[in-house]
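Structure assessment
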Amino acid sequence: MTELTLVTGNRNYSSWSLRPWILIQHLGLGCREVRIALDTPTFAAEAGRYSPTLRVPVLMDGPLTVWESVAILEYLSELKGGAGWPAERTARAMARSVVAEMHAGFQALRSEYPMNIRARNRRVPMTDELAASIRRIDALFTDCRREHGTSGSWLFGQYSAADAMYLPVAFRFQTYGLEGLGRVARDYVTLAVHDPLVAPWVAAAEREVETIKHEEVGR
Ligand SMILES: N[C@@H](CCC(=O)N[C@@H](CS)C(=O)NCC(=O)O)C(=O)O
């Protein structure tokens, strides 16, 4: 197997980049990393050297380019014989559903609670749309854990692409507060943000000096 290269954005802000990166760590794949700072005049030109969409993340495996975070998660899982998904068919179907739901939705959560790993104790006005997103996240975490989580601590017991997909959501709750989440979801958020395998990404986020003004919301 050739060495994988993962092109990402800033550690502090790039929620889509974090998803394949953490799955690479959990699958024990290893990769070379190329980081391109977001929101700069040169971002599009630099990203365009790797990505047909001019966005990150993008994965290279030799001559092959894979873009879109969900497609990358699928590819990484395939490299490990499907290990990125739950082994049991009904659990796998639910995991794929929640991954697709995150990729396609949660607009209010994404825009009103931008991922900002360094920030703590931020509070933003609660809108109806944001409250609805939080209710759905609470139900989703609780249902996954209760229905399929008994073999371990993650959403489907063992670590899967679903956990990778929702890790940036866990960091959002660390920043903006846990209000609206019940006990099961709170415990899951605590587990996810303290995952030892994400610690190097968090440390790098804390070392970054760039600030993106429109991502710095809340007081
Ligand atoms: N649907 C894409 C979204 C990727 C995306 O929006 N990435 C952001 C960084 S987190 C980006 O590249 N932004 C730069 C831009 O849009 O110019 C995926 O799932 O990979």
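The following refers to the structure shown. Worth saying up front: this structure is predicted, and the values here are computed from it rather than measured.

1. Details of the sheet that holds strand 1 (residues 4-8)
Read across the sheet, four strands follow the order 2-1-3-4 without closing on themselves; strand pairing throughout is mixed. Two strands bound the open sheet, and with one partner strand each, they are strand 2 (32-35) and strand 4 (64-67). Taking each pair of neighbouring strands and ignoring which way they run, the sheet shows an average axis angle of 20°. Direction of pairing for strand 1 relative to strand 3 (residues 58-61): antiparallel, over a ladder of four bridges. From the neighbouring strand, Leu 4 faces strand 3, where its bridge partner is Asp 61.

2. Re the packing of helix 7 (residues 161-176) against helix 8 (residues 183-193)
Interaxial distance between helix 7 and helix 8 falls to 9 Å at its minimum, and their mutual angle equals 100°. The orientation of helix 7 relative to helix 8 falls into the category roughly perpendicular. Where helix 7 approaches helix 8, its residues Asp 163, Leu 167, Ala 170, Phe 171, Phe 173 and Gln 174 are matched on the opposing element by Tyr 188, Val 189, Ala 192 and Val 193. Residue classes in the contact of helix 7 with helix 8 are distributed as eight nonpolar, one polar and one charged.

3. A word on the pairing of strand 1
Among the five residues in strand 1, five count as buried, and that is most of the element. Going residue by residue along strand 1, you find Leu 4, Leu 6 and Thr 8 tucked away on one face and Thr 5 and Val 7 tucked away on the opposite face as well. Both strand 1 and strand 2 contribute to a ladder of four bridges, which runs parallel. Looking across to strand 2, one finds that Leu 6 is bridged to Glu 33. Read as a crossover between parallel neighbours, the route from strand 1 over helix 1 (residues 15-27) to strand 2 is right-handed.

Procedures and definitions
Residues numbered from 1 in each chain as written. Predicted model: local features only at pLDDT ≥ 70, side-chain atom pairs only at ≥ 80, totals over all residues. Heavy atoms only, no water. Pairing = 2+ DSSP bridges. Helix = DSSP H or I, 4+ residues; strand = E, 2+ residues; numbered from the N terminus. Axes fitted to C-alpha atoms, helices over the stretch in contact; angles between N-to-C directions. Parallel < 35°, antiparallel > 145°, perpendicular 65-115°, else oblique. Contact = heavy atoms within 4.5 Å. Nonpolar A, V, L, I, M, F, W, Y, C, P; charged D, E, K, R; others polar. Buried < 20%, exposed > 50% of the residue type's maximum accessible area, 1.4 Å probe, protein only. Right-handed = clockwise from strand over helix to strand, strands pointing away.

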